[in-house]
Amino acid sequence: MSRFLQIFKAWSCKPPGAVIRDWWCTLPPKPWPEEDQEAVNRNDAICICHHCLTPQDHLGWFCPECGAATGPYNNYMPFVNVFSTGEVLRAGIDSKTRFARWVYPVYFVVGLFEYFVFAPVYWFRLFRTRKLKTATYSPVDHENKL
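So, a few notes on the structure that sits alongside this text. (Residues numbered from 1 in each chain as written. Predicted model: local features only at pLDDT ≥ 70, side-chain atom pairs only at ≥ 80, totals over all residues. Heavy atoms only, no water.)

Digging into the overall build of the protein chain
Alright, step 1. Scanning the protein chain from terminus to terminus reveals 7 helices and 0 strands.
Alright, step 2. The secondary structure elements of the protein chain, listed N-terminal to C-terminal, are α-α-α-α-α-α-α.
Alright, step 3. Going through the 146 residues of the protein chain one by one, you find that 22% of them count as buried.
Alright, step 4. Long-range contacts, defined as pairs at least 24 residues apart, comprise 23% of the intrachain contacts of the protein chain with a sequence gap of at least 6.
Alright, step 5. Working note: accessible area of the protein chain is about 11,800 Å², and carbon and sulfur atoms make up 65% of it. (Helix = DSSP H or I, 4+ residues; strand = E, 2+ residues; numbered from the N terminus. Buried < 20%, exposed > 50% of the residue type's maximum accessible area, 1.4 Å probe, protein only. Contact = heavy atoms within 4.5 Å. Areas by Shrake-Rupley, 256 points an atom, 1.4 Å probe, with all protein chains shown as cover.)

Notes on the layout of surface pockets
Alright, step 1. Approximately 330 Å³ is the volume attributed to the largest pocket.
Alright, step 2. Lining the largest pocket are 13 residues, with C47, Q56, T70, G71 and P72 sitting closest to its centre.
Alright, step 3. Residue composition of the lining of the largest pocket, by class: 6 nonpolar, 6 polar and 1 charged.
Alright, step 4. Taken together, H50, H51, C66, G67, A68, S84, E87, V88, R90 and A91 make up the lining of the second largest pocket. (1 Å grid on protein atoms, 1.4 Å probe; cavity = no way out; pocket = protein on both sides within 12 Å on 5 of 7 lines; lining within 4 Å. Points joined across faces, edges and corners; volume = space filled by probe spheres on them. Nonpolar A, V, L, I, M, F, W, Y, C, P; charged D, E, K, R; others polar.)

Observations regarding the environment of R101
Alright, step 1. Structurally, R101 is set in the loop between α4 (78-92) and α5 (103-115).
Alright, step 2. Owing to a relative accessible area of 54%, R101 belongs among the exposed residues under this scheme.
Alright, step 3. In the structure, R101 is positioned 29 residues away from R130 in sequence and 9.9 Å away in space, judged by C-alpha atoms.

Some points on a negative patch on the surface
Alright, step 1. Taken together, the side chains of E34, E35, D36 and E38 present a region of like negative charge at the surface.
Alright, step 2. If you trace the backbone, D36 turns up in helix α3 (residues 34-41).
Alright, step 3. Given a relative accessible area of 39%, D36 falls into the partly exposed group. (Patch = residues over 30% accessible without salt bridge, like charges linked within 9 Å, V, L, I, M, F, W, Y side chains within 5 Å. Salt bridge = Lys/Arg side-chain N within 4 Å of Asp/Glu carboxyl O. Lys, Arg positive; Asp, Glu negative; His and termini not counted. Charge placed at Lys NZ, Arg CZ, Asp CG, Glu CD.)

Let's talk about the pattern of salt bridges
Alright, step 1. This structure, assessed with the given rule, holds 1 salt bridge.
Alright, step 2. D44 serves as the salt-bridge partner of R42, at 2.9 Å between the closest nitrogen and oxygen.
Alright, step 3. Judged by relative accessible area, which is 48%, R42 ranks as partly exposed.
Alright, step 4. Residue D44 is classed as exposed on the basis of its relative accessible area of 55%.

Everything listed is a geometric property; what it means functionally is a separate question.
As structure tokens, then:
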């Protein structure tokens with residue numbers, strides 16, 4: 001009963017999503033040391049590109065080396081968000097990217113919402129790439145992938 005009262009009291013000071021998250025799961029401990037976390041959160045920390053790891057000293061929205069969408073709040077801005085979404089969806093049909101089995105249904109649903117009318121074309125390329133990937137893997141590579 002005390003757990004229920006704690007959850008009930010939390011509703012008054014936290015948003016419902018945070019209450020459900022705290023009730024449903026406990027967050028695992030961070031896998032890095034505390035001093036690394038402090039170094040990342042410092043004001044003088046330098047941002048890097050997630051794609052090519054180039055330091056981002058400029059104030060632009062794209063990496064000058066590889067063209068990936070970078071910058072603060074780029075996923076919240078409607079125009080720049082399109083480029084981030086495109087990078088994610090292109091990764092699904094890229095032959096170099098390796099995924100677990102559960103990722104393909106997610107790409108299937110995201111492709112439906114993002115492409116709507118052109119979703120069958122995207123699905124064809126997604127599953128064709130998956131078929132080509134599994135055909136080119138040796139049995140040892142396929143077991144290591146899973």
